[in-house]
Amino acid sequence: MSVTLPAPAKTLPSPAPGPAADEGLARRLRALACTAPLHDLDVRKANLAGEYGTYAMAEIALAAIDLVTLHMDFDTGADHEQIVARLLPRIAAQAPERPAAEHERVARWVLENLVNVGSVDRGFRAIYGTFGPDGAYVRRDYDFKLIEEVPGYGGGVYLRTTDEAVNVLVGALDTDVTSAQIAAEVKLEVLVSRGRLADAQLAAEQARYRTVQYAETLRRTLEATRRNVRAVDWLRSVPDMIEEALDHVADRYRHENAILTNIRKARDEAEEPENKRRAAELVDIVKDCIRRHTQLQSRLLDAGPLFRAEQDRQAFAAPAPRSGIDLYGQLVAPVLPLPVADARRVTDAFFAAGTGLRTPVSVRVADLVELLLTPPVEREHLGAEMPEPDLIATPDDSRFSEEQLAAATELLDLPHDAPRRLSGLLAEARRSDPDLPYLVALLAVHAASPAVGTAYRQGEERLLFAVDDGTELDDPEFGGADLIVGTALLDAAAMTADRTEAQ
Amino acid sequence: MSDHHAEHPAWSEAEAPAAPAPSAGSHVTPADAADAARLVAFGLQPKLQPARDAEYADLLRRYREDPAFGRLADAVATGLGLVVLEVSPRAGMAVTAGEDSVFAVRMGDYARRTAADSGDRFLHGLAHLAIAALAFPRPEDLADDGYVGRITVNGVDAFVRQACRRLEERAEELGENTDPASDAPGLEAAWRVYARRSSTGATKDARRLAGSTTGIVGKAAAFLTDSGFLQRTGDDSGGTYRTTPRYQLQVRDMAGTAAMAELLELGVVPVSDGTASLLPPPDGDDLELAPDAGLPFHA
């Protein structure tokens, strides 16, 4: 898809405005161009086979950019399928009566169009005009991307939003990241303290976008410095940079924890359910900010050792007797700024001389005839046949039978207000089955360290426990402590409520 | 030619050569010509290693010990339109295609689209240049016969992208409008062509998108592997490779100089004092060539 914007209409026959005025206009035209793909979605939905008029494509697209930005990780990007899955509820809400398959189709269509799958560059191009310094009117191409695909671990492809997209999304983000973030946080604090939570949530979300953008900037810087062991001033500028970033993280961490405490208070004291819900969401957002800061910090701490290892590898090798060509400094670096038509001559020369040789393939006509007449080999769709697995019945070698377990469980099903001694339980078990005491003893010993947390998590209402009060066990078969075995009642419901609250 | 006696002491005490040693001034027999041609034929199989083939190793030794045979083999190679780079046990009979030779690789055969699209043509060439630059990041690495370079496909892409980004930032600092004029695509700055091409893309069959920059770099790496210049060592980061001695020779003696000559013809004179340009720029000095030179990072 190519987005073509008309050149600004010239109503006055006045001479070209100064380059400075034109510069501002060009910047705004470019910003405007970034929104064009979104409008274009709504225009082009009519061309889709089917009735897609009910879907607000621009809204879905903005939501998709939001989702990708928020799910972008430090290293990779957002997962394609995950974004589609998270878009579905919004799309379904727009047209609840339509089939789910259509919702998914819409989600994929929007995402594909934001990536612009159809073009080679997978990007957009807008054309705009400016006046050059000599007053000549020049039409220029502006190339941009909204969502780009980046390689991830294991050869996967992930999505990242570009700076242009973040700017489209949040607007006016093209400012100093640090100061903008401080401003947003101060605003957030004030809003929270005054109880204006709706505004506070908006501010918090903006702060998170900025956090992501900040992490992205730092990721790039680190990536660059990791490659440039010698090109980087390891004496001054890099340590300064890392220190600054660490200070920043520490500062933000303190700040956001303070906010978190404030919002928690606001949430607990809030009367209206709407305010309570909003405050709870805010807690999640700020927590996410803190998580991202922590992630950033661990990256920063890794940078030092990495530099030293690379330094060792490269700096302490014996110098070679003769010198070769500096491929980067003498070829790559001078070629990149050249116009592409000139640069091509250099890369062509390198290609022609640098690819070595290929032995030309010549065909015998006899072979060709045979090759052409050979019927194509049927491709095996199913692969080799699976051998029928030969299953061998494993002998039942359990120490205790199901009935014994049932009997022991019944024996240990004690009322919660009447615990019993292990000696009594063993004696009772022995009366019914000589093997049963072993199982009862095992279960009792197991209950000496009951898994309280697990029981709570699984919502159990009662739990077997055993306590040693120092009494010796007097039994013909077992020795040790005569444990007191009892049942404790768990208040699972209250515990669940507590846990939710604690977060 | 490198001194190989230290690496292969066995050669000096090996049995007498199979072919009769021609006395000085004796005429060449058809058998000698056949042997010389066979040696060149071995050289045409760049992935064949001398250490793996006894006959190849024998012929290489004969080339070194018998000057007349050596001249004969050189003549055969030249007659076929080949350039002899080095004949040694480590690199084998390292020959490469001369200009306009039938063995030369043509860009049009290498990638179809390049005929129509000049941007694509540039990207494919740049991919080869960038692989070499990352494989031999310092001049010493290119000069040192024992150096083995290592690259990854994603690493090469990231490296070029980083260089492009620096140029973009610098253009922005200078307040330049780098958007090219619509009617003169050939004037677009080279780095922009690379920067705006996407680095990867999802495809229906989970293969690398051929038109993306990692696709282009991956193609170059695979092609160089077929040329016996790289050896694939793993699948991480889009594919990891290490260089062979032959690649070093090819870049040092052929490609580097050819590209330099072309650059000089364009009036660009990259200056080097023999040290790596990958150094921090002097304070406040806008270093033209290498403000952000990068060394490859081997994880």
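Residues numbered from 1 in each chain as written. Chains lettered and ligands numbered in written order. Predicted model: local features only at pLDDT ≥ 70, side-chain atom pairs only at ≥ 80, totals over all residues.

Novice: What should I look at first to understand the overall build of chain B in this one?
Specialist: Secondary structure assignment for chain B yields 10 helices and 5 strands. Across chain B, contacts joining residues at least 24 apart in sequence account for 55% of those joining residues at least 6 apart. (Helix = DSSP H or I, 4+ residues; strand = E, 2+ residues; numbered from the N terminus. Contact = placed C-beta atoms within 7 Å.)

Novice: Would you take a moment to explain the overall build of chain A for this structure?
Specialist: Secondary structure assignment for chain A yields 17 helices and 8 strands. Counting every position in chain A, which comprises 503 residues, the buried fraction comes to 29%. Of the contacts made within chain A by residues no fewer than 6 positions apart, 62% connect residues no fewer than 24 positions apart. (Buried ≥ 20, exposed ≤ 12 C-beta atoms within 10 Å, placed from the backbone.)

Novice: Explanation requested: helix H5 (residues 118–135) of chain B in the structure shown.
Specialist: The α-helix winds at 3.6 residues per turn, so residues separated by three or four positions along the chain end up facing the same way. With 18 residues, H5 of chain B extends 26 Å from end C-alpha to end C-alpha; this agrees with the ideal 26 Å at 1.5 Å per step. Counting buried residues along H5 of chain B, 17 of its 18 residues qualify, which places the element largely inside the surrounding structure. (Expected span 1.5 Å × (residues − 1).)

Novice: Honestly, the pairing of strand E4 (residues 230–234) of chain B in this entry has me stumped. Any pointers?
Specialist: On a regular strand, one side chain projects to one face of the sheet and the next to the other, so that they alternate. All names here are of chain B. Pairing geometry for E4 and strand E5 (residues 240–243), over 4 bridges, is antiparallel. Its bridge partner being in E5, Gly234 is matched across the sheet by Thr240. Where E4 folds back onto E5 in an antiparallel hairpin, the turn is made up of 5 residues, including Ser237, whose phi is positive at roughly 50 degrees. (Pairing = 2+ DSSP bridges.)

Novice: Please clarify how the confidence of the model for chain B should be interpreted in this entry.
Specialist: Predicted coordinates in areas of low pLDDT are best not read in detail. Residues and elements named next belong to chain B. For chain B, the mean per-residue pLDDT works out to 78, and 79% of the residues sit at or above 70. Model confidence for chain B, summarised as mean pLDDT per element, is weakest for helix H6 (residues 139–143) at 81 and strongest for helix H9 (residues 213–226) at 92. In the predicted structure, residues 1–25 sits below a pLDDT of 50 and forms 23 contacts with residues beyond four places in sequence or in another chain. Confidence drops under a pLDDT of 50 for residues 278–299, and excluding neighbours within four residues, the segment shows 59 contacts in the predicted structure. Both confidence scores are given for the complex: pTM 0.55, ipTM 0.80. (pLDDT = per-residue confidence, 0-100.)

Novice: Help me out: how do you make sense of the packing of helix H2 (residues 57–71) of chain A against helix H3 (residues 80–94) of chain A in this one?
Specialist: For any two helices packed against each other, one specifies the inter-axial angle together with the distance between the axes. Residue and element names in this part refer to chain A. Where H2 meets H3, the axes come as close as 10 Å, and the angle between the chain directions of the two elements is 140 degrees. Accordingly, the angle class assigned to the pair H2 and H3 is oblique. When you trace H2 past H3, the crossing you get is right-handed. Every residue of H3 that contacts H2 at Ile60, Ala63, Ala64, Leu67, Val68 and His71 is listed here: Gln82, Ile83, Arg86, Leu87, Arg90 and Ile91. Among the residues forming the contact of H2 with H3, the class breakdown is 8 nonpolar, 2 polar and 2 charged. (Axes fitted to C-alpha atoms, helices over the stretch in contact; angles between N-to-C directions. Parallel < 35°, antiparallel > 145°, perpendicular 65-115°, else oblique. Left-handed = near helix turned anticlockwise from the far one by under 90°. Nonpolar A, V, L, I, M, F, W, Y, C, P; charged D, E, K, R; others polar.)

Novice: Explain the sheet that holds strand E6 (residues 420–421) of chain A here, please?
Specialist: Sheet strands pair via backbone hydrogen bonds, and the direction of the pair is either parallel or antiparallel. Residues and elements named next belong to chain A. If you trace the 3 strands from one edge of the open sheet to the other, you get E6-E8-E7, paired in antiparallel fashion. Of all strands in the sheet, those bounded by a partner on one side alone are E6 and strand E7 (462–467). Across the sheet, helix H15 (residues 436–447) is in contact with E7 and strand E8 (484–489); its angle to E7 comes to roughly 95 degrees.

Novice: Help me understand the sheet that holds strand E4 (residues 147–151) of chain A, please; the structure alone is not making it clear to me.
Specialist: Residue and element names in this part refer to chain A. With respect to topology, 3 strands assemble into an open sheet ordered E1-E5-E4, the strand pairing being antiparallel. Pairing within the sheet leaves two strands with one partner each, and these edge strands are strand E1 (78–79) and E4. Bridge count between E1 and strand E5 (residues 157–161): 2 bridges; the pairing is antiparallel. Bridge pairing links Asp79 to Tyr158 in E5. Sitting on the sheet, H2 touches E1, E4 and E5, and the angle it makes with E5 is about 110 degrees.

Novice: Would you take a moment to explain the pairing of strand E2 (residues 92–97) of chain B for this structure?
Specialist: Residue and element names in this part refer to chain B. Among the 6 residues in E2, 6 count as buried, and that is most of the element. Inspection of the sheet shows strand E1 (residues 82–88) paired to E2 by 6 bridges, in the antiparallel sense. By the bridge assignment, Ser88 is partnered in E2 with Gly92. In sequence, E1 turns back onto E2 through a hairpin of 3 residues.

Novice: Help me understand H3 of chain A, please; the structure alone is not making it clear to me.
Specialist: All names here are of chain A. Between its first and last C-alpha atoms H3 spans 21 Å; for 15 residues at 1.5 Å apiece the expected length is 21 Å, and the two agree. The principal kink in H3, of about 35 degrees, is found at Leu88, preceding the proline Pro89 by one to four residues. Along H3, the residues that are buried comprise His80, Ile83, Leu87 and Ile91. On its buried face, H3 is in contact with H2, E1, helix H4 (100–115) and E5. (Bend = angle between axes of the 7 residues up to and from the residue.)

Novice: Looking at this model, I keep getting lost on unusual backbone geometry. Mind explaining?
Specialist: With glycine set apart, most residues show a phi of negative sign, and most peptide bonds adopt trans. Of note in the backbone geometry, Asn116 of chain A takes a positive phi value of approximately 60 degrees without being a glycine. In this fold, Asn116 of chain A is placed in the loop between H4 and strand E2 (124–131). Look at Asp100 of chain B: it is not a glycine, yet its phi comes out positive at around 60 degrees.

Novice: What exactly am I supposed to notice about the packing of helix H11 (residues 340–354) of chain A against H5 of chain B here?
Specialist: At a minimum axis distance of 8 Å, the contact between H11 of chain A and H5 of chain B shows a crossing angle of 55 degrees. Compared by their axis directions, H11 of chain A and H5 of chain B come out oblique. Where H11 of chain A crosses over H5 of chain B, the two elements pack in a sense that is left-handed. Counted together, Val340, Ala341, Ala343, Arg344, Thr347, Asp348, Phe350, Phe351 and Gly354 of chain A of H11 of chain A and Ser118, Gly119, Arg121, Phe122, His124, Gly125, Leu126, His128, Leu129 and Ala132 of chain B of H5 of chain B form the full contact between these two elements. Taken together, the residues of the contact of H11 of chain A with H5 of chain B break down into 9 nonpolar, 7 polar and 3 charged.

Novice: What is the right way to look at the nonpolar core in this model?
Specialist: Nonpolar side chains in soluble globular proteins generally cluster together in the buried interior. Val332 of chain A together with Ala130 and Ile131 of chain B are the most contacted members of the largest nonpolar core, which has 60 residues in total. Every element with two or more residues in this core is listed here: helix H10 (327–335) and H11 of chain A together with H5, helix H7 (153–173), helix H8 (190–196), H9 and helix H10 (245–265) of chain B. Here the element with the most residues in this core is H5 of chain B; it accounts for 11 residues. The residues touching Val332 of chain A, leaving out its near neighbours within four places in the chain, are Leu327 of chain A together with Leu129, Ala130, Ala133 and Ala163 of chain B. Judged by nonpolar contacts, the second largest core, of 29 residues, contains Ile60, Ala64, Tyr158 and Ala165 of chain A. (Core = buried A, V, L, I, M, F, W, Y, C linked by C-beta atoms within 7 Å.)

Novice: Would you take a moment to explain the confidence of the model for chain A for this structure?
Specialist: Residues and elements named next belong to chain A. Confidence along chain A averages 75 in pLDDT terms, with 70% of residues attaining 70 or more. Of all the helices and strands in chain A, helix H6 (residues 177–193) carries the lowest mean pLDDT, 54, while H3 carries the highest, 90. Per-residue pLDDT stays below 50 along residues 1–19; that stretch engages in 33 contacts with residues further than four places along the chain or on separate chains. Segment residues 172–178: pLDDT under 50, and 10 contacts once partners within four positions in sequence are set aside and those in other chains are kept.

Novice: Is there a simple way to explain the environment of Gln404 of chain A in this structure?
Specialist: Residues and elements named next belong to chain A. Of note, Gln404 is situated in helix H13 (residues 402–411). Measuring from C-alpha to C-alpha, the distance between Gln404 and Ala429 comes to 10.0 Å, with 25 residues separating the pair along the chain. Among all residues touching Gln404, those that are not within four sequence positions of it are Asp433, Asp435, Leu436 and Leu439.

Novice: Just to check I follow, could you spell out the environment of Ala202 of chain B for this structure?
Specialist: Topologically, Ala202 of chain B is positioned in the loop between H8 and H9. Looking at Ala202 of chain B, the number of C-beta atoms within 10 Å reads 16, which means it is partly exposed. Excluding residues within four positions of it along the chain, Ala202 of chain B makes contact with His80, Glu149 and Val157 of chain A.

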